[in-house]
Structures are given as C-alpha cells and as structure tokens.
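# A structural walkthrough
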Amino acid sequence: MENKDVLEFNEEPAEKCPFRESVFLSTSPDWGIKRRALIKEDMDAYLLLLFLVEKMDRNNSLICSMPELQEELSGKENKVVFALNLLNEFGFISFEKKGNDYSIRVNPDVAYKG
C-alpha cells in the first residue's frame with residue numbers, strides 16, 4: 001500500500017542527479033537562539049546566510065562577487081555589507097574582501113556539508 005501523502009525531498013532518479021550533498025545545520029540551542037535573534041534583527045542577513053550555506057564548498061568556503069550577493073538580496077551594496085557584517089558579528093561567518101570579491105567562510109559549528 002503506497003502513501004501518496006508522503007513527499008520525497010528529491011524525486012529525481014539517482015542517474016539524473018549524480019552530485020548529491022547534504023547540508024547539516026546545527027540544532028544546538030545556542031545557535032538556534034542566535035538564528036532567531038538574527039531573523040528579528042535583519043531577515044535579509046538570514047536569507048544571505050541560507051544562500052551562503054547552499055553555495056559553500058566542503059571546506060565551508062566560497063568566493064562571491066558583490067553583484068552576485070546583491071542579486072541574492074535584491075539590494076544595494078550597503079545592504080549586502082550590512083548583512084555580511086551582521087553575520088560576522090553574530091559569529092555565523094568570517095569574511096575577507098579581496099578586490100571586488102568576498103572570500104567567505106561559514107562557521108562549521110553552524111553548518112557543514114557532508
């Protein structure tokens with residue numbers, strides 16, 4: 001008997017989806033409290049965090065250009081810089097500006113790819 005009410009996360013056959021990775025988010029109470037505080041402070045910063053977690057490599061790092069980050073937030077440069085600084089202040093990321101790009105590392109206590 002098949003249950004039609006159960007949704008599969010990824011219904012594509014494995015042969016169509018050769019590159020599968022799982023992202024693990026910390027469920028510790030401390031990070032949960034920080035996530036809720038971040039959402040109250042600035043929802044755009046939280047959305048940016050989710051984007052960074054999705055795009056990070058297995059070393060929790062990624063390099064993004066300002067236009068790429070602006071497109072994700074549908075905003076101006078100062079909005080992105082504010083969100084990056086807030087994420088850094090909360091301990092979710094560390095980052096370094098390199099020319100027009102940002103080298104960003106998501107705190108492995110917050111999320112990691114496995």
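Residues numbered from 1 in each chain as written. Predicted model: local features only at pLDDT ≥ 70, side-chain atom pairs only at ≥ 80, totals over all residues. Heavy atoms only, no water.

## Some details on the side chain of Asp-42
- Within the secondary structure, Asp-42 sits in the loop between α1 (29–41) and α2 (43–55).
- It turns out Asp-42 is buried and unbridged, and the closest side chain with the opposite charge, Lys-79, is 7.4 Å from it.
- The contact partners of Asp-42, leaving out residues within four places of it in the chain, are Phe-82, Ala-83 and Leu-86. (Helix = DSSP H or I, 4+ residues; strand = E, 2+ residues; numbered from the N terminus. Buried < 20%, exposed > 50% of the residue type's maximum accessible area, 1.4 Å probe, protein only. Lys, Arg positive; Asp, Glu negative; His and termini not counted. Salt bridge = Lys/Arg side-chain N within 4 Å of Asp/Glu carboxyl O. Contact = heavy atoms within 4.5 Å.)

## A closer look at the packing of α2 against helix α4 (residues 77–90)
- Two elements in contact, α2 and α4, have axes separated by 9 Å at closest approach and are oriented at 75 degrees. Comparing the axis directions of α2 and α4 gives the class roughly perpendicular. Across from Asp-44, Ala-45, Leu-48, Leu-49 and Leu-52 in α2, the residues of α4 making contact are Lys-79, Ala-83, Leu-84, Leu-86 and Leu-87.
- Here the residues of the contact of α2 with α4 are counted per class, giving eight nonpolar, no polar and two charged. (Axes fitted to C-alpha atoms, helices over the stretch in contact; angles between N-to-C directions. Parallel < 35°, antiparallel > 145°, perpendicular 65-115°, else oblique. Nonpolar A, V, L, I, M, F, W, Y, C, P; charged D, E, K, R; others polar.)

## Brief notes about the nonpolar core
- Ranked by internal contacts, the top residues of the largest apolar core, which has 28 residues, are Leu-38, Leu-48, Leu-52, Leu-69, Leu-87, Phe-92 and Ile-93.
- Sorting the residues of this core by element identifies α1, α2, β2 (61–65), α3 (66–73), α4 and β4 (101–106) as the ones contributing at least two each.
- When residues in this core are grouped by element, the largest group, seven residues, is from α2.
- Dropping the residues within four chain positions of it, Leu-38 is found in contact with Met-43, Ala-45, Tyr-46, Leu-49, Leu-86, Leu-87, Phe-90 and Phe-92. (Core = buried A, V, L, I, M, F, W, Y, C linked by side-chain atoms within 4.5 Å.)

## Observations regarding the side chain of Ser-26
- Residue placement: Ser-26 occurs in the loop between β1 (23–25) and α1.
- A relative accessible area of 15% places Ser-26 in the buried class.

## What about the environment of Glu-77?
- Note that Glu-77 resides in helix α4.
- Residue class for Glu-77 comes out partly exposed when judged on its relative accessible area of 41%.
- In this structure, the C-alpha to C-alpha distance between Glu-77 and Pro-67, residues ten residues apart in sequence, is 8.2 Å.
- Dropping the residues within four chain positions of it, Glu-77 is found in contact with Met-66 and Gln-70.

## Some words on α2
- Look at α2: 19 Å from first C-alpha to last across 13 residues, which is about the 18 Å you get at 1.5 Å a residue.
- All of the buried residues along α2 are Ala-45, Tyr-46, Leu-48, Leu-49, Phe-51, Leu-52 and Val-53. (Expected span 1.5 Å × (residues − 1).)

Spatial relationships are all this shows, so hold off on functional conclusions.
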